[in-house]
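# What the coordinates show
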Amino acid sequence: MKYNCLIIDDEKILADSTAEYFNLFGVNTVAVYGAEDCREFFKSNTAELILLDINLGDGSGFDLCKELRVTTAIPILFISARTSDDDKIIALNIGGDDYVQKPYSLGVLLAKVKAVLKRYGQIACSEYSDGYLTIDFISKQVKANGVAVKLTSLEFRLLSYLVENEDKVISKKELFEKVWKDKFTGDGTLNVHIRKLREAIEINPNKPKYIVTVWGDGYKFTGGSK
């Protein structure tokens, strides 16, 4: 069965009440209560978005996220009662799309979930392909020279944003706000992710043809044939 949202949280009452609330407002949602339940769920079901608690009774949400990222690039929103900035940084860097603090307002969380589902469901073009690089925006699959490329969720969002704005110079500030959703992300973090993307898709990462640096301004996606 296909769901809009999967909640993974060992606080059963909270998970169930959140799922019930989402369902009342048209977001088809189901809750499971641990890492093993999640694995069983994906054997016969799909979801368009995951709400994942960091602290699970049978494992770490961080570890489960890493495991899921091997096979899927669907959005993952971390939920946690922990307040450490380090946790937030780890969550985003391993492929999480956002970090939601407990206790949360059901109305605010529902609005965030709907916004993510809408954003990922309204990509203007379903595929980019130029003979060497292929990007399927629906399945979130990338191939370079016919070989599948593994990207984290954040790397895929960064690549997608650049491709959607092909030939337009995108400032670092815009990338921080539109991709990271954070005005205070440092240049070093962006540089690392740009480098990883180049290593994944460029024929020669040291002489990039796709993701070009515009010194003093930002980056732009030019298309490899240009």
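Residues numbered from 1 in each chain as written. Predicted model: local features only at pLDDT ≥ 70, side-chain atom pairs only at ≥ 80, totals over all residues. Heavy atoms only, no water.

## Some details on helix H1 (residues 12–24)
Taking 1.5 Å as the rise per residue, H1 with 13 residues should run 18 Å; its terminal C-alpha atoms sit 18 Å apart, in good agreement. Within the span of H1, buried status applies to Ala 15, Thr 18, Ala 19 and Phe 22. Down the axis of H1, the buried set is contained in an arc of 100 degrees. They therefore lie on one face. Among the exposed residues of H1, those pointing more than 90 degrees away from its buried face are Ile 13, Glu 20 and Leu 24. (Helix = DSSP H or I, 4+ residues; strand = E, 2+ residues; numbered from the N terminus. Expected span 1.5 Å × (residues − 1). Buried < 20%, exposed > 50% of the residue type's maximum accessible area, 1.4 Å probe, protein only. Arc of directions from axis to C-beta.)

## Here's the deal with the environment of Phe 22
Tracing the chain through its elements places Phe 22 in helix H1. Phe 22 gets classed as buried once you look at its relative accessible area, which sits at 0%. In this structure, the C-alpha to C-alpha distance between Phe 22 and Leu 109, residues 87 residues apart in sequence, is 9.3 Å. Beyond its immediate stretch of four places on either side in the chain, Phe 22 contacts Cys 5, Val 27, Thr 29, Leu 51, Leu 106, Leu 109, Leu 110 and Val 113. (Contact = heavy atoms within 4.5 Å.)

## Quick notes on the packing of helix H6 (residues 153–164) against helix H8 (residues 187–201)
As a packed pair, H6 and H8 sit with axes 10 Å apart at the nearest point and diverge in direction by 80 degrees. With respect to H8, the axis of H6 lies roughly perpendicular. Two secondary-structure elements touch here, H6 through Leu 154, Glu 155, Leu 158, Leu 159 and Leu 162 and H8 through Leu 190, His 193, Ile 194, Lys 196, Leu 197 and Ile 201. Per-class residue counts for the contact of H6 with H8 are eight nonpolar, one polar and two charged. (Axes fitted to C-alpha atoms, helices over the stretch in contact; angles between N-to-C directions. Parallel < 35°, antiparallel > 145°, perpendicular 65-115°, else oblique. Nonpolar A, V, L, I, M, F, W, Y, C, P; charged D, E, K, R; others polar.)

## What to know about the side chain of Asn 45
Counting through the fold element by element, Asn 45 comes out in the loop between helix H2 (35–44) and strand E3 (46–53). Judged by relative accessible area, which is 16%, Asn 45 ranks as buried. Polar side-chain contacts of Asn 45 include one of 2.9 Å to the backbone oxygen of Phe 41. In terms of polar contacts, Asn 45 uses its side chain to reach the side chain of Ser 44, at 3.3 Å. Non-local contacts of Asn 45, meaning those with residues more than four positions away in its chain, are made with Met 1 and Tyr 3. (Polar contact = N/O pair within 3.5 Å; in protein donor to acceptor, adjacent residues only side chain to side chain.)

## Describing the packing of aromatic side chains
The full count for this structure, using the stated rule, is nine aromatic pairs. On the basis of an interplanar angle of 85 degrees and a centroid distance of 5.0 Å, the ring pair of Phe 41 and Phe 42 is categorised as edge-to-face. Since its relative accessible area comes to 7%, Phe 41 is described here as buried. Taken together, a centroid distance of 6.5 Å and an interplanar angle of 65 degrees make the contact between Phe 137 and Phe 156 edge-to-face. With Phe 137 in the loop between strand E9 (133–136) and strand E10 (141–144) and Phe 156 in helix H6, this residue pair connects regions lying 19 residues apart in the sequence. Assessed through its relative accessible area of 6%, Phe 156 is described here as buried. (Phe/Tyr/Trp six-rings, centres within 6.5 Å; stacked < 30°, edge-to-face > 60°.)

## Some points on the sheet that holds strand E7 (residues 98–101)
Across the sheet, which stays open at both edges, the five strands sit in the order E2-E1-E3-E6-E7 with parallel pairing between neighbours. Both edges of this open sheet fall to strand E2 (29–32) and E7, since each of them pairs with a single strand only. When the angles between neighbouring strand axes are averaged without regard to direction, this sheet yields 25 degrees. Strand contacts of helix H3 (residues 61–69): strand E1 (2–8), E3 and strand E6 (76–80), with the helix running at about 170 degrees to E6, the strand carrying the most contacts. (Pairing = 2+ DSSP bridges.)

## Let's talk about unusual backbone geometry
Among all residues except glycine, the phi angle is most often negative; among peptide bonds, the trans geometry is most common. Positive phi is not limited to glycine here, since Asn 145 has a value of about 55 degrees. As for its placement among the helices and strands, Asn 145 is situated in the loop between E10 and strand E11 (147–149). With a relative accessible area of 56%, Asn 145 lands in the exposed category. One non-glycine residue with positive phi stands out, namely Asp 167, at about 70 degrees. Tracing the backbone shows Asp 167 in the loop between H6 and helix H7 (172–180). Assessed through its relative accessible area of 41%, Asp 167 is described here as partly exposed.

All quantities given are derived from atomic positions and should not be read as evidence of function.
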